[in-house]
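Working through the structure, step by step
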Amino acid sequence: MSMTSKERVQATLAHREPDRVPVGEMGIDSPIIEQVLGHPTFYRARGKERAAVWAGRRDEVVRSQKEDLVDLVRTLEWDIVPVWLTYSDGVDYHPRRFLSEDRLKWEDVEGNIWQAPDESGYALCLQSPEITPAFLEEMLTTPPPVDDSQLELVRHVVQRLGDTHFIIGRGWNSPSTWLDGSFPQPGEGFNIPVHEFLMMIYNDPAFLHTILRAYTKRAIDYGRILIAAGVDAVQINADYCINSGPWLSPAHFEEFILPYMQQHVTAFKEEGVFVLKHTDGNSWSLLDAMVDTGIDALHGIQPSIGMDVRRLKERVGDRIALFGAVEGGTLIEGTPQDVAQEVTYCLKYGAPGGGFVLTTSNSVQAGTRYENYMMMLRVAREKGTYPITLPQV
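The model shown is predicted, which means the values in this text are computed figures rather than measured ones. (Residues numbered from 1 in each chain as written. Predicted model: local features only at pLDDT ≥ 70, side-chain atom pairs only at ≥ 80, totals over all residues. Heavy atoms only, no water.)

1. Re helix H14 (residues 370–383)
- Over its 14 residues, H14 runs 20 Å from end to end, which matches the ideal 20 Å to within 8%, given 1.5 Å per residue.
- For H14, the secondary structure elements touched by its buried residues are helix H4 (58–76), strand E14 (321–326), helix H12 (328–333), helix H13 (336–350) and strand E15 (356–360). (Helix = DSSP H or I, 4+ residues; strand = E, 2+ residues; numbered from the N terminus. Expected span 1.5 Å × (residues − 1). Contact = heavy atoms within 4.5 Å.)

2. As for the sheet that holds strand E2 (residues 97–98)
- Strands sit in the order E2-E3-E4-E5 across an open sheet of four strands; the sheet is antiparallel. Every other strand in the sheet has two partners, leaving E2 and strand E5 (124–127) as the edge strands with one partner each.
- Bridging between strand E3 (residues 105–107) and strand E4 (residues 113–115) involves three bridges; their strand directions are antiparallel. Residue pairing across strands places Trp 106 opposite Trp 114, the latter belonging to E4. (Pairing = 2+ DSSP bridges.)

3. A few points about a nonpolar patch on the surface
- Residues Tyr 122, Leu 124 and Leu 126 make up a contiguous nonpolar surface patch of roughly 300 Å² in combined accessible area.
- Mapped onto the fold, Leu 124 is located in strand E5. (Patch = residues over 30% accessible without salt bridge, like charges linked within 9 Å, V, L, I, M, F, W, Y side chains within 5 Å. Areas by Shrake-Rupley, 256 points an atom, 1.4 Å probe, with all protein chains shown as cover. Salt bridge = Lys/Arg side-chain N within 4 Å of Asp/Glu carboxyl O.)

4. Some remarks on the pattern of salt bridges
- Summed over the entire model, instances satisfying the criterion amount to 23 salt bridges.
- Between Arg 58 and Asp 59 there is a salt bridge, with the nearest N and O atoms lying 2.9 Å from each other.
- Among the residues examined, Asp 59 registers a relative accessible area of 49% and is labelled partly exposed.
- Ionic pairing is found between Glu 152 and Lys 66, a salt bridge with its closest N-O pair at 3.0 Å. Of this pair, Glu 152 sits in helix H6 (residues 152–161) while Lys 66 is found in helix H4, placing the two residues 86 residues apart along the sequence.
- Each of the salt bridges in this network shares a partner with another, and the network as a whole consists of Arg 8, Asp 19, Arg 20 and Asp 79. (Buried < 20%, exposed > 50% of the residue type's maximum accessible area, 1.4 Å probe, protein only.)

5. Side note on the environment of Val 83
- Relative to the assigned elements, Val 83 resides in strand E1 (residues 80–83).
- Put simply, Val 83 and Trp 172 are 89 residues apart on the chain and 9.1 Å apart in space, counted from C-alpha to C-alpha.
- Setting aside chain neighbours within four positions, we find Val 83 in contact with Leu 69, Val 154, Val 157, Ile 167, Ile 168, Gly 169, Arg 170 and Val 231.

6. Considerations on the side chain of Thr 360
- Inspection of the secondary structure assignment puts Thr 360 in strand E15.
- Judged by relative accessible area, Thr 360 falls into the buried class, the value being 0%.
- Of note is the side chain of Thr 360, whose polar atom sits 2.8 Å from the side chain of Glu 25.
- If we ignore the near neighbours within four places in the chain, the residues touching Thr 360 are Glu 25, Gly 324, Ala 325, Val 326, Leu 331, Tyr 373 and Met 376. (Polar contact = N/O pair within 3.5 Å; in protein donor to acceptor, adjacent residues only side chain to side chain.)

7. Notes on the sheet that holds strand E6 (residues 166–169)
- Across the sheet, which stays open at both edges, the seven strands sit in the order E1-E6-E9-E12-E13-E14-E15 with parallel pairing between neighbours. At either margin of the open sheet sits one strand with a lone partner, and together these are E1 and E15. Ignoring strand direction, the axes of neighbouring strands in this sheet form an average angle of 30 degrees.
- As paired strands, strand E9 (residues 233–236) and strand E12 (residues 274–278) are joined by four bridges and run parallel to one another. Bridging from a neighbouring strand, Ile 236 pairs with Lys 277 of E12.
- Against the sheet, helix H9 (residues 250–270) engages E9 and E12, with an angle of about 175 degrees to E9.
- Of the strands in this sheet, E14 and E15 touch H14, which is tilted by about 165 degrees from E15. (Axes fitted to C-alpha atoms, helices over the stretch in contact; angles between N-to-C directions.)

8. Here's the deal with the side chain of Asn 372
- Here Asn 372 is to be found in helix H14.
- Discounting chain neighbours no more than four positions away, the residues touching Asn 372 are Thr 330, Leu 331, Gly 334, Thr 335, Pro 336 and Val 339.

9. Re the packing of helix H8 (residues 205–228) against H9
- Between H8 and H9, whose axes approach to 10 Å, the crossing angle comes to 20 degrees. The orientation of H8 with respect to H9, classified from their angle, is roughly parallel. At the point where H8 passes H9, the crossing takes the right-handed sense. Between H8 and H9, the residues in contact are Pro 205, Leu 208, His 209, Leu 212, Arg 213, Thr 216, Ala 219, Ile 220, Gly 223, Arg 224 and Ile 227 and Glu 255, Phe 256, Tyr 260, Gln 263, His 264, Ala 267 and Phe 268, respectively.
- Within the contact of H8 with H9, the residues separate by chemical class into ten nonpolar, five polar and three charged. (Parallel < 35°, antiparallel > 145°, perpendicular 65-115°, else oblique. Left-handed = near helix turned anticlockwise from the far one by under 90°. Nonpolar A, V, L, I, M, F, W, Y, C, P; charged D, E, K, R; others polar.)

10. Topic: the packing of aromatic side chains
- Per the counting criterion, the structure on display carries 15 aromatic pairs.
- Pairing Tyr 43 with Trp 84 gives two aromatic rings, centres 5.4 Å apart and planes at 20 degrees, and the pair type is stacked. With Tyr 43 in the loop between helix H2 (30–37) and helix H3 (47–54) and Trp 84 in the loop between E1 and E2, the pair connects residues that are 41 residues apart, well separated along the chain. For the pair Tyr 43 and Trp 84, a shared accessibility class is recorded, and that class is buried.
- Ring geometry for Trp 84 and Trp 172: centres 4.2 Å apart, planes at 15 degrees, overall stacked. Pair noted here: Trp 84 is in the loop between E1 and E2 and Trp 172 is in strand E7 (residues 172–173), with a separation of 88 residues, a long-range link.
- Against the face of Phe 42 rests Lys 48, its NZ or CZ located 5.8 Å from the ring centre.
- We note Arg 103 situated over the ring of Phe 98; from NZ or CZ to the ring centre the distance is 3.9 Å. (Phe/Tyr/Trp six-rings, centres within 6.5 Å; stacked < 30°, edge-to-face > 60°. Lys NZ or Arg CZ within 6 Å of the ring centre and 35° of its normal.)

Read these as geometric descriptors, not functional statements.
Structure follows, in structure tokens:
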């Protein structure tokens, strides 16, 4: 019996086998979007999006986000749809000042310092305003400064796809509206450089806990706004790990990070939605602790650094769903045959029993070969119908 996309993902998260393996992405960069849709887009268009918003074309950018996201989901037959709080129609986003002659370094309206490699490239947040006790007190005692226009994208997607598709709220970097306050996430509000965060564990642990309480409270506030607008799930997405392992020891993770991660999960599940945890990198040593918080799924699975779907399924597949795990590098540098092999492996070992959504290892990044991503979806359609019966790979 055929299911809607929403029913398909809900069954998967309940560890039941749906009609076929769900597919989708939490992000896809504009070059692939434009190849799929056949026209320009501002959705995840990096420098082009920045320039348009700076020039006062906010409405045009948001309209592109709304329409192109819905068209993309329908064209690619995704089952999941990411949404976020978009630009306000009451804010002038033009930089306060440019800090380089080439205008590739600037201070934004929130006081963050950004640097881009070129006019079209992805910008990195280099510095944020000092975190003061007064700033933290404001976050702890006042609601977030979100106006009605920032919900325009979410409401559009819920209206068009909410009955049929599984909608996931996520954080965004412009404006800064984060859904994870448990660890620094450059560009999404909690912009402390990681090395400074780690030094505070030793130099000022009490103030660090105050910071984490405030950023966690604000993240939960943002999440509740998205939930009230109709999302089915939220993704908490700070990267706890790098390729070699966690940023901090398991002991420090349990003392400084885990209690705040637990607050996120508890608060969001009390609102009646599913909770996904995204983290890149090698997270084996933190895996059981993260799963014990009650998350419903893990996203950001990187096979190339040891996060193998087969091992994950064996270890925690009866407790959480897995969102993965076709390597982003394979989509960029590999052949369609390489992609087909990775998809087949994921389906063979991730899909049985439910609890598996086929995605990339992070997002569909700029540089991805169009034919490779199309092959990924094609193989999922051809081989992902339950019951999964595939040969050994």
